Amino acid sequence: MSPHLLASVRAATLAGDVPPEAPRAVIGASWERTLGHGVDPDVGRHNGLLGADEIEHRRRSTALGDVLPVLSEGLVEIADAAWHIMVVTDAEGRVLWRDGSHAVRRSADRLGFAEGASWSEDVVGTNAIGTALITGAPLQVHSAEHFVRTHHGWTCAASPLHDPRDGRLLGVVDVSGPAATVHPATLSLVSAVARVAEGELRSRHWAAVGRLRSVAAPLLAGIGGQALVVDRNGWTAAATGLAPAERVALPVSVAAGQVWVPSLGLCRFEPLPGGWLIRVGGRERLPAASRVVVDVSRPDGWTVTVSGPAGSWSQALSPRHAELLYVLALHPSGRTAAELAGDLFGDPSRTVTVRAELSRLRRNLAGVLAHRPYRFSEAVEVELLRPARPLDLLPHSVAPAVLASRRPG
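What you are looking at is a predicted structure, and each value in this text was computed from that prediction instead of being measured. (Residues numbered from 1 in each chain as written. Predicted model: local features only at pLDDT ≥ 70, side-chain atom pairs only at ≥ 80, totals over all residues. Heavy atoms only, no water.)

S.K.: Account for the overall build of the chain, with residues named and values stated.
M.R.: A count of helical and extended segments in the chain gives twelve helices and 16 strands. For the chain, the C-alpha radius of gyration of 23 Å lies close to 22 Å, the compact-globule estimate for 409 residues. In terms of principal-axis extent, the alpha carbons of the chain reach across some 70 × 50 × 35 Å. When contacts within the chain are restricted to residue pairs at least 6 apart in sequence, those whose partners lie at least 24 apart make up 55%. Charge-centre separation for the chain: the mean point of 41 positive side chains lies 5 Å from the mean point of 40 negative side chains. (Helix = DSSP H or I, 4+ residues; strand = E, 2+ residues; numbered from the N terminus. Rg over C-alpha atoms; globule rule 2.2 N^0.38 Å. Contact = heavy atoms within 4.5 Å. Lys, Arg positive; Asp, Glu negative; His and termini not counted. Charge placed at Lys NZ, Arg CZ, Asp CG, Glu CD.)

Here you go:
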């Protein structure tokens, strides 16, 4: 759409009228979320800049600093030549680094688009950074697709960056500049550089696992019974006495001592530099779970908590596993693979994908999930925690079952 038509579409939508054309689905959904946040459509809702000490603390606390050279090498020179800037934010949408055209940086300063600023949807409305953080997908936002009027002179292309060790969202890399300089290839470029950066993080991860393996091998050689050494994210470096999974789903919080891991039973965790030694108890000691809480109440950071005689265990959920457990919690009697494929993809034939994902879930949640049909075990009490507004349910998801839940009735 032209900037003039986009402005007409936005004005009509925000006024509750029928727009001359429908906005893109991702933009329309973001506008609706933003209206619910009470963001001022003229100037936004800026909540101040972080101080220099806090910015530096966040920079040191994120893996993004390790790949900043990759991002800069791939984007800064191009951004500068095209009168754009490159911006890197953390998972909260706070700007940690900014580089590129001096003139555009000065224009960004006038908008408050500076290091330490929050560019999340609930602060400045629809924009490439904040909306990509919500949807988890690359996005370009042009001119009046921005919710806030003062941003209509900009075009922005952003891609999320994920930690390959655990899939956690680290933040976003973005290229922004004057709307008149929009180029359709910008989003592809930003997305490609983001994937290269994630590849660098992946290489660093496997190198760290290799170093842990060199420590683990002699340690395990002197241990009788079943044991394994994993890194802080549960990736297996070495094992003895059992066929190891590539990764063990660890609790959200791990401490030394006796820990119940549903896939292994009662274990004893001993700290190692960069990981854990896990001594596995007898499989017959695996306690039966009695309660499961599926928490999808937040825009991200979904969890499943399993409780039983040995205590509680919580695990972070990937977007796909959050969708699956949400649907299963809605259907206590169970769903077939074909039904779940329809629930998630709108295509009942995609049963292979569903079965593969559920196989991973059942390994992590031993004794909690049953199959034929897929469901929570009858002995388990299930609690589903949803957001206060249906519109905020798993905002990244385009699964038909989730879309239907966002529009009850």
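S.K.: Summarise the pattern of salt bridges; cite the residues concerned and give the values.
M.R.: Pairing between side chains becomes possible if they bear opposite charge and their charged atoms approach one another. Summed over the entire model, instances satisfying the criterion amount to 24 salt bridges. Taking the shortest distance from any N to any O, the salt bridge between aspartate 166 and arginine 168 comes out at 3.5 Å. A residue is classified by how much of its surface remains accessible, and arginine 168, at 43% relative accessible area, is partly exposed. With a shortest N-O distance of 2.4 Å, arginine 320 and glutamate 323 are connected by a salt bridge. Here arginine 320 and its partner glutamate 323 are both found in helix α9 (residues 319-330), three residues apart, which amounts to about one turn of the helix. Looking at arginine 320, the relative accessible area reads 28%, which means it is partly exposed. Accessibility expressed as a relative area gives 3% for glutamate 323, which makes it buried. (Salt bridge = Lys/Arg side-chain N within 4 Å of Asp/Glu carboxyl O. Buried < 20%, exposed > 50% of the residue type's maximum accessible area, 1.4 Å probe, protein only.)

S.K.: So what's going on with the packing of helix α4 (residues 64-81) against helix α8 (residues 186-221)? Which residues, and what values?
M.R.: Look at α4 against α8: their axes get within 9 Å of each other, and the N-to-C directions meet at 160°. Classified by the angle their axes make, α4 and α8 are roughly antiparallel. In this structure, α4 meets α8 at a crossing whose hand is right-handed. Here Asp66, Val67, Val70, Leu71, Gly74, Leu75 and Ile78 of α4 come into contact with α8, specifically with Leu189, Val190, Val193, Val196, Ala197, Glu200, Leu201 and Arg204. (Axes fitted to C-alpha atoms, helices over the stretch in contact; angles between N-to-C directions. Parallel < 35°, antiparallel > 145°, perpendicular 65-115°, else oblique. Left-handed = near helix turned anticlockwise from the far one by under 90°.)

S.K.: Requested: an account of unusual backbone geometry, with residues and values cited.
M.R.: Looking along the chain, the bond that leaves arginine 372 and enters proline 373 is cis, with omega of 0°. Positionally, proline 373 belongs in the loop between β14 (369-370) and β15 (375-376). Positioned with a positive phi, arginine 372 is a non-glycine residue whose angle comes to about 60°. Tracing the chain through its elements places arginine 372 in the loop between β14 and β15.

S.K.: Can you break down the sheet that holds strand β9 (residues 265-272) residue by residue, with the values?
M.R.: One open sheet accounts for five strands, arranged β7-β6-β10-β9-β8; its pairing is antiparallel. Among the strands making up the open sheet, the edge pair consists of β7 (236-240) and β8 (257-261). Taken pair by pair, the neighbouring strands of this sheet meet at an average axis angle of 30°, ignoring direction. Direction of pairing for β8 relative to β9: antiparallel, over a ladder of five bridges. What sits directly across from glutamine 258, in β9, is arginine 268. Across the sheet, α8 lies against β6 (227-231), β7, β9 and β10 (275-280), angled at about 155° from β6, the strand it touches most. (Pairing = 2+ DSSP bridges.)

S.K.: Could you give an account of the sheet that holds strand β2 (residues 95-100), naming the residues involved and the relevant values?
M.R.: Read across the open sheet, the five strands follow the order β2-β1-β5-β4-β3; overall the sheet is antiparallel. Here the strands that pair on one side only, and so sit at the sheet edges, are β2 and β3 (139-142). The sheet shows a mean angle of 20° between the axes of neighbouring strands, direction not considered. The pairing of strand β4 (residues 154-162) with strand β5 (residues 169-178) spans nine bridges and is antiparallel. Looking at β5, one finds that alanine 157 is bridged to valine 175.

S.K.: Explain the environment of valine 252 residue by residue, including any values.
M.R.: Its place among the elements puts valine 252 in the loop between β7 and β8. Overall, valine 252 belongs to the exposed group, its relative accessible area being 52%. Spatially, the C-alpha atoms of valine 252 and leucine 391 are 27 Å apart, while their sequence positions differ by 139 residues. Dropping the residues within four chain positions of it, valine 252 is found in contact with Ser314, Gln315 and Ala316.

S.K.: Tell me about the nonpolar core, residues and numbers included.
M.R.: By size, the foremost hydrophobic cluster in this structure holds 50 residues, and its most contacted members are Ile278, Val306, Leu325, Leu365 and Phe376. The dominant element in this core, judged by the number of residues it contributes, is α9, at seven residues. Ignoring any residue separated from it by four or fewer positions in sequence, one finds valine 306 in contact with Trp260, Ala289, Arg291, Val292, Gly311, Ser312, Trp313, Leu365 and Val368. Membership of the second largest hydrophobic core comes to 28 residues, among which are Ile27, Val123, Val124 and Ala132. (Core = buried A, V, L, I, M, F, W, Y, C linked by side-chain atoms within 4.5 Å.)

Purely spatial values, then, with no claim about function.
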